[in-house]
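# Observations on the model geometry
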Amino acid sequence: MNAHQLQATAFLTALGRALSVLTLYGEDHPTRTEVEDEVFARLMDFKYLEQIPTITFLDAEVVVNRRPIRELRGWGWGPRLSEVGIQRMEFPSAPNRQDLRLFLEEATHRLTRNRGARAGDGSRQEELLAGVIGASIRFGRVGIGGSRSDEEPVARVVTATLDFSLDEEFGAVSWLQEEVKGGRGLHLAEAEAVVRSLAIAARSHQHVLATLFRPAGGSPGPGMGSHLDPAAQGFATSHAMNVSVLSMALAEFMGMNSGAVRAVGIAGLLHDLGTTRVPPGILTKPGSLTPSERELVERHPADGARLIIRNEERLDLAAVVAYEHHVRYDGSGYPRFRFPRPLHPVSHLVHVCATFDTLLSDRPWRGRWPEDRALEHLLAGAGSEFHPDFARDLVRMIRLERRL
Ligand SMILES: [Fe+2]
């Protein structure tokens, strides 16, 4: 562990002790000031070395800035804080005692299922609900990373006058995946550029399905993909692009703003990045997998999340989605959570879109399904495999577009 990780560990250990005291004994316990002093001292140390330190709880993993801390794996307070909406903490400026005290009170208030009144009233209460404490502490669920309020909306492109070729983007995604595979890192600027192009291309078609790539025997959509060499298109690349497009379309259909839509597009593009770690041949094996092969496949969500967070801390949403995209709405699927907790809504969204795209694709073990059959499958699984809101809205979106 480096010095910063040591300080993060010391801070979280002190925080855990303080939360134990406060949740068990309440605010009047005589050691309250003592445990608060300790958390404050450790927080000052932690803040000292990094400009804006952040801590994220991903299931059993504690991620400090961009690195999971091995020694804190399974830290019991992580899942408990996540469950009450404190999945990420950020310290933008030097903390003071009063801010820390408010944070501890708010965390205790949530952890004890709202026994006792929330600190302050009026605007202070609103700030606490929004996860803002003074200028020094921010907390909340992992957000839609990368969304910026000053971001200009995605340009509307005149329909049917542009014949888009996404060959370059396809090449860029292939290259991004190769770079990750070769351990040369994740190139965020290129990923963002691809997502921008996909957003514009999707808007140039009246039907989002027309934007999707269908390599290896499938029929590519009109206006794009048709002039690409199907043999050169891996499923991984087309799936990443398709899930990005579908996820953005659904996010927009459900009313998210343009910054959020773009962040969902990045999460969709990168959700399966961990498959670059699966040995060749397994993902395209026509028959059923052996238990050890299945185990290798089922590692890809955790591998993907780790790859993303290590390379780019701003992509916390994409990391969470990569981690959760094979967990079903009813909690089955993989990875199995040590501590059951709700999934991030964008994980539900990407799960539905990724399943839909896979069903519409030719796979070595089955041919592509007709669109209607795939839509029926989503509806049949709404409430068990899929979050019902996202499954039904995707079906509604596709059926509405078809009537255009
Ligand atoms: Fe996957």
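Now for a quick tour of the structure. Because the structure is predicted, anything quoted here is derived from the model rather than measured. (Residues numbered from 1 in each chain as written. Predicted model: local features only at pLDDT ≥ 70, side-chain atom pairs only at ≥ 80, totals over all residues. Heavy atoms only, no water.)

## Some words on the coordination of the iron ion
Inclusion rule: Note: metal donors comprise N, O and S atoms at 2.8 Å or less from the metal (3.2 Å for Na, K and Ca); water molecules are not included, so apparent gaps in a site are possible. Metal sites are grouped by the angles between bound donors: all angles between 85 and 135 degrees with four donors is tetrahedral, opposite donors over 155 degrees apart with the others between 65 and 115 is square planar for four donors and octahedral for six, and any other pattern is irregular. For helices the rule is a DSSP run of H or I covering at least 4 residues; for strands it is a run of E covering at least 2, with both sets numbered from the N terminus onward. Throughout this description, buried means an accessible area under 20% of the type-specific maximum (1.4 Å probe, protein chains only), exposed means over 50%, and partly exposed covers the range between.
In this structure, Asp 272 (OD), His 300 (NE2), His 325 (NE2) and His 326 (NE2) serve as the protein donors to the iron ion, at separations of 2.1 to 2.2 Å. Around the iron ion sit four donor atoms; with metal-centred angles ranging over 86 to 175°, the donor geometry is irregular. Read from N- to C-terminus, the donor residues coordinating the iron ion fall into the pattern D-x27-H-x24-H-H. A residue pair is termed long-range when its members are at least 10 positions apart, and His 300 in helix 11 (residues 300-311) and His 326 in the loop between helix 12 (316-324) and helix 13 (345-359) qualify at 26 residues. Residue classification places His 300 among the buried positions, given a relative accessible area of 3%. For His 326, a relative accessible area of 25% translates into the label partly exposed.

## Some words on the pairing of strand 1 (residues 54-58)
Let me state the cut-off plainly: A strand pair is defined by DSSP finding two or more bridges across the two strands.
Burial within strand 1 is extensive, with five of its five residues counted as buried. Direction of pairing for strand 1 relative to strand 2 (residues 61-64): antiparallel, over a ladder of four bridges. From the neighbouring strand, Phe 57 faces strand 2, where its bridge partner is Val 62.

## Considering the pattern of salt bridges
As a reminder of what qualifies: For this document, the term salt bridge refers to a Lys or Arg side-chain nitrogen within 4 Å of an Asp or Glu carboxyl oxygen.
Evaluated as defined, the whole model comprises 21 salt bridges. In this structure, the salt-bridge partner of Glu 293 is Lys 285, at a minimum N-O distance of 2.7 Å. Relative accessible area serves as the criterion here: at 18%, Glu 293 is assigned to the buried category. Assessed through its relative accessible area of 22%, Lys 285 is described here as partly exposed. Here Arg 306 ties to Asp 303 by a salt bridge, and the two come within 3.3 Å at their closest N and O atoms. Placement of both Arg 306 and Asp 303 in helix 11 is noted, with a separation of three residues, approximately one turn of the helix. Note on Asp 303: relative accessible area 17%, which makes it buried. Here the residues in one salt-bridge network are Arg 32, Glu 36, Asp 37, Arg 97, Arg 101 and Glu 105, joined through shared partners.

In short, the description is geometric, and any link to function would need to be established separately.
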